[in-house]
Amino acid sequence: MSHDSIAAATRGPFVGRDFQLAQLLHTLTTPAHTGATNHLITGPAGVGKSRLALEFAKHARARGHRVVTARAWTGSAPFWPWTQILRGLLGEPRAVELAPLVLEDPDTASSFELFDAVVTTLRTYRGSEPLVLIFEDLHELDPSSLTLLNYVTCAFESEQHTDGPLLIVATARTADAELSRCFGARIELIPFDLTQTTRLLALEHSGISERRVALIHAAAGGLPLLLDNLRHSWTAAAQGELAHEPLAAILKQRLTQLPTDVRGTLAALAVLGQGDTSDLSRVAELSPDRVLAALAQAAELQMINDTVPITFAHTIIRDAVADQLPPPQATALHERAARLFAASTTQVARHARHLTQAGPAHAPAAARACLLAARRALNQLAFADSAALCQLALDCLDRASEEVTPETLAGLYLTQTLALLRCGERGPAVAAWTAAWIPALASGRPELIVAAARGPRTGFDFSGRLPYDIAARATHALDTVPDLSAAEQSLLHSALTGAQLSVAPTAAVATAARALELAQRA
């Protein structure tokens, strides 16, 4: 990713964050006791987190550090911020998945092997030059990326570094306990006070009156992003046209005054998160020429970045555009976005997420798409994302206008079971496995019934009622499901053997022998 991609809302002078910048710069010159130093910059939208990160990046580069940046955004592929970091380090700008970047055989690797390969790659590049990683908008981080972030920080914090240090700086609006654990230091930004606002506005408008400064300060709520925007139109404020309104109201007013094509293009961008001219043209249902003209106007108004893919200059602008969309328009945009990604083999998660927001009529298709995306996430070792996609589909089905097939429902529960177990969440996994049984039976498909009867072979311990439930399911399947193959019967007998070892060891011997006999026949 270009380092300009974190330059959102950074026009104009850097004011009011000198102390916080000094805190970050101190880590560039002070040796760390361990192999990583991590800082999390937090604060409300528009408070200047991105600007502080950009200023720090400029200084780090000037001092000989290699700086690589990434941005999280809702709806991205699993591990997307880490994919951005690794492809920046490795010079693979077109890579869309993490595992192939660092593993020789990603199809057979475990999550530990993937995480360890990422750490090994970072150590290699840290050894050649001091390395700085900057992550933006971690409040939108996907679950699997958060797990990997925790692994990376723990790996480097536990070692004494002899090579150059690794410094991770991230921004987030808020930080829960899990995200906070990944960072040794936290810098909390608050809105400017009136003195800081006066300094910023006086730099370009030395004649501005104290009354107008106070008015703009109140209208912007002290948020540097909006102050930076309003200072370019302060003459309108001097004419009394700037209302004493909160940030949301000001943004709403400005958005409603935009030309129709600009509003339509920005609405498509808000739904997509990022995209190119072709994507925006199809989702907005505008010709490419009209989209290009709209983007030029939006760029002139400093609402979008001059980058590829196209993104908003700040998430606060994206959120304001999205909040203004009437529900029918938002639903229609998500439906078009889903069609945009329907044929893609690399954007299955985006296709699924858009379908879940395309209205109740699309709920069955959304569930099938989420199941496909969840299975793909499992293959990518993104277990937390897989579990989340299954839950997203199940939540979507609660609002469905028609029933989903038992096959899809059973598949969701079984995939969620495996994903949750790989995340170490045994209780929720058992609940998902329990829920899979009825739709699996209703499907009439032997492979689903067998899977729902025996459960995953790793992660379950045979305690409590679980062995009794497995034994009951396996026995029921063996007694009632017609046309089971020898291989399927062997799997059921193996499951029954495991359950019987806990509750009826004598019977387990004969069941195991039967399982072996069937396996040999298969």
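## What about the overall build of the chain?
Part 1: Within the chain, the secondary structure is distributed over 26 helices and five strands.
Part 2: Taken across its 522 residues, the chain has 54% of its residues classed as buried.
Part 3: In the chain, 70% of the contacts between residues at least 6 apart in sequence involve partners at least 24 apart.
Part 4: Put simply, the chain shows about 22800 Å² of open surface, and 54% of that area lies on carbon and sulfur atoms.

## Overview of the packing of aromatic side chains
Part 1: Taken as a whole, this structure holds four aromatic pairs when the rule is applied.
Part 2: Here Phe79 and Phe115 contribute two aromatic rings whose centre-to-centre distance is 6.2 Å and whose plane-to-plane angle is 85 degrees, an arrangement assigned as edge-to-face. Residue Phe79 is located in the loop between strand S2 (66-71) and helix H3 (80-90), and its partner Phe115 is located in helix H5 (residues 111-128); the two are separated by 36 residues in the primary sequence. Phe115 carries the same exposure label as Phe79, and that label is buried.
Part 3: Judged by centre distance (6.3 Å) and plane angle (85 degrees), the ring pair of Phe112 and Tyr151 falls under edge-to-face. Within this pair, whereas Phe112 is found in helix H5, its partner Tyr151 is found in helix H6 (residues 143-157), the two being separated by 39 residues in sequence.
Part 4: We classify Phe112 as exposed; its relative accessible area is 52%.
Part 5: A residue is classified by how much of its surface remains accessible, and Tyr151, at 25% relative accessible area, is partly exposed.

## Section: the nonpolar core
Part 1: In terms of nonpolar packing, the biggest core is built from 96 residues, with Trp82, Leu133 and Leu149 touching the most fellow members.
Part 2: Considering every element that reaches this core, the biggest residue donor is helix H19 (residues 363-379), with 10 residues.
Part 3: Setting aside residues up to four positions removed in sequence, Trp82 forms contacts with Leu98, Val118, Leu122, Leu133, Phe135, Ser145, Leu148, Leu149 and Val152.

## Considering the state of the cysteines
Part 1: Evaluation of the coordinates by the stated rule reveals zero disulfides.
Part 2: In this structure Cys396 is a free cysteine whose sulfur lies 6.8 Å from that of Cys370, the closest cysteine sulfur available.
Part 3: For Cys396, a relative accessible area of 3% puts it in the buried group.

## Some thoughts on the confidence of the model for the chain
Part 1: For the chain, the average pLDDT comes to 86, and 89% of its residues sit at 70 or higher.
Part 2: Contacts from residues 1-10, a stretch scored under 50 in pLDDT, to residues over four places away or in other chains number 32 contacts.
Part 3: Residue range residues 234-244 is modelled with pLDDT below 50. Its contacts to residues more than four positions away, or to other chains, number 18 contacts.

## A few points about the packing of H19 against helix H21 (residues 406-422)
Part 1: Look at H19 against H21: their axes get within 10 Å of each other, and the N-to-C directions meet at 25 degrees. By the angle class used here, H19 and H21 are roughly parallel. Of the two elements, H19 crosses H21, and the hand of that crossing is left-handed. Judged by residue contacts, Ala367, Arg368, Leu371, Ala374, Arg375 and Leu378 of H19 engage Thr408, Gly411, Leu412, Thr415, Leu418 and Ala419 from H21.
Part 2: Among the residues making up the contact of H19 with H21, the classes are represented as seven nonpolar, three polar and two charged.

## Remarks on the pairing of S2
Part 1: Burial analysis of S2 places five of its six residues in the buried class, the great majority of the element.
Part 2: As defined by bridge partners, S2 adjoins strand S3 (residues 131-136) across six bridges and the pair is classed as parallel. Across the sheet, Thr69 pairs through a bridge with Ile134, a residue of S3.

## Focus on empty space enclosed by the protein
Part 1: Enumeration over the complete set of coordinates arrives at three cavities of 30 Å³ or more.
Part 2: What the second largest cavity holds in volume is close to 100 Å³.
Part 3: Lining the second largest cavity are 13 residues, with Ala77, Pro78, Thr346, Arg376 and Gln380 positioned closest to its centre.
Part 4: When contributions to the lining of the second largest cavity are tallied by element, the ones reaching two or more residues are helix H18 (348-356) and H19.
Part 5: Each residue belonging to the lining of the second largest cavity can be placed in one class, and the counts come to seven nonpolar, three polar and three charged.

## Side note on unusual backbone geometry
Part 1: Following Val308, the chain continues to Pro309 via a peptide bond in cis, the omega torsion being 0 degrees.
Part 2: By the element assignment, Pro309 lies in the loop between helix H15 (288-300) and helix H16 (315-324).
Part 3: The backbone of Phe79 shows a phi angle near 65 degrees, a positive value even though the residue is not glycine.
Part 4: Among the residues examined, Phe79 registers a relative accessible area of 2% and is labelled buried.
Part 5: With a phi angle near 60 degrees, Gln302 is a residue other than glycine that sits in the positive phi range.
Part 6: One can find Gln302 in the loop between H15 and H16.

## Examining helix H17 (residues 327-341)
Part 1: A rise of 1.5 Å per residue sets the reference length of H17, with its 15 residues, at 21 Å; its end C-alpha atoms lie 21 Å apart and thus fit the reference within 8%.
Part 2: Along H17, the positions that sit buried rather than exposed are Ala330, Leu333, His334, Arg336, Ala337, Ala338, Leu340 and Phe341.
Part 3: Considering only its buried residues, H17 is in contact with helix H13 (260-272), helix H14 (277-284) and H18.

## A closer look at the pattern of salt bridges
Part 1: By the definition in use, this model includes 16 salt bridges.
Part 2: As a salt-bridge pair, Asp319 and Arg173 come within 2.7 Å of each other at their nearest N and O atoms. Residue Asp319 is found in helix H16, and its partner Arg173 is found in the loop between strand S4 (166-172) and helix H7 (177-180); the two are separated by 146 residues along the sequence.
Part 3: We classify Arg173 as partly exposed; its relative accessible area is 22%.
Part 4: Across the pair Asp469 and Arg465 runs a salt bridge, and its minimum N-O distance is 3.4 Å.
Part 5: In this structure Asp469 comes out as partly exposed when scored by relative accessible area, which is 26%.
Part 6: In the salt-bridge network here, residues are joined through shared partners; they are Glu140, Arg173, Arg318 and Asp319.

## Considerations on the environment of Arg521
Part 1: Positionally, Arg521 belongs in helix H26 (residues 505-521).
Part 2: Given the relative accessible area of 55%, Arg521 is considered exposed.
Part 3: Distance in space between the C-alpha atoms of Arg521 and Ala487 is 8.0 Å, their sequence separation being 34 residues.
Part 4: With residues up to four places along the chain from it excluded, the contact list for Arg521 reads Ala486 and Arg514.

Reading the values: rules and limits
Residues numbered from 1 in each chain as written. Predicted model: local features only at pLDDT ≥ 70, side-chain atom pairs only at ≥ 80, totals over all residues. Heavy atoms only, no water. Helix = DSSP H or I, 4+ residues; strand = E, 2+ residues; numbered from the N terminus. Buried < 20%, exposed > 50% of the residue type's maximum accessible area, 1.4 Å probe, protein only. Contact = heavy atoms within 4.5 Å. Areas by Shrake-Rupley, 256 points an atom, 1.4 Å probe, with all protein chains shown as cover. Phe/Tyr/Trp six-rings, centres within 6.5 Å; stacked < 30°, edge-to-face > 60°. Core = buried A, V, L, I, M, F, W, Y, C linked by side-chain atoms within 4.5 Å. Disulfide = S-S within 2.5 Å. pLDDT = per-residue confidence, 0-100. Axes fitted to C-alpha atoms, helices over the stretch in contact; angles between N-to-C directions. Parallel < 35°, antiparallel > 145°, perpendicular 65-115°, else oblique. Left-handed = near helix turned anticlockwise from the far one by under 90°. Nonpolar A, V, L, I, M, F, W, Y, C, P; charged D, E, K, R; others polar. Pairing = 2+ DSSP bridges. 1 Å grid on protein atoms, 1.4 Å probe; cavity = no way out; pocket = protein on both sides within 12 Å on 5 of 7 lines; lining within 4 Å. Points joined across faces, edges and corners; volume = space filled by probe spheres on them. Expected span 1.5 Å × (residues − 1). Salt bridge = Lys/Arg side-chain N within 4 Å of Asp/Glu carboxyl O.

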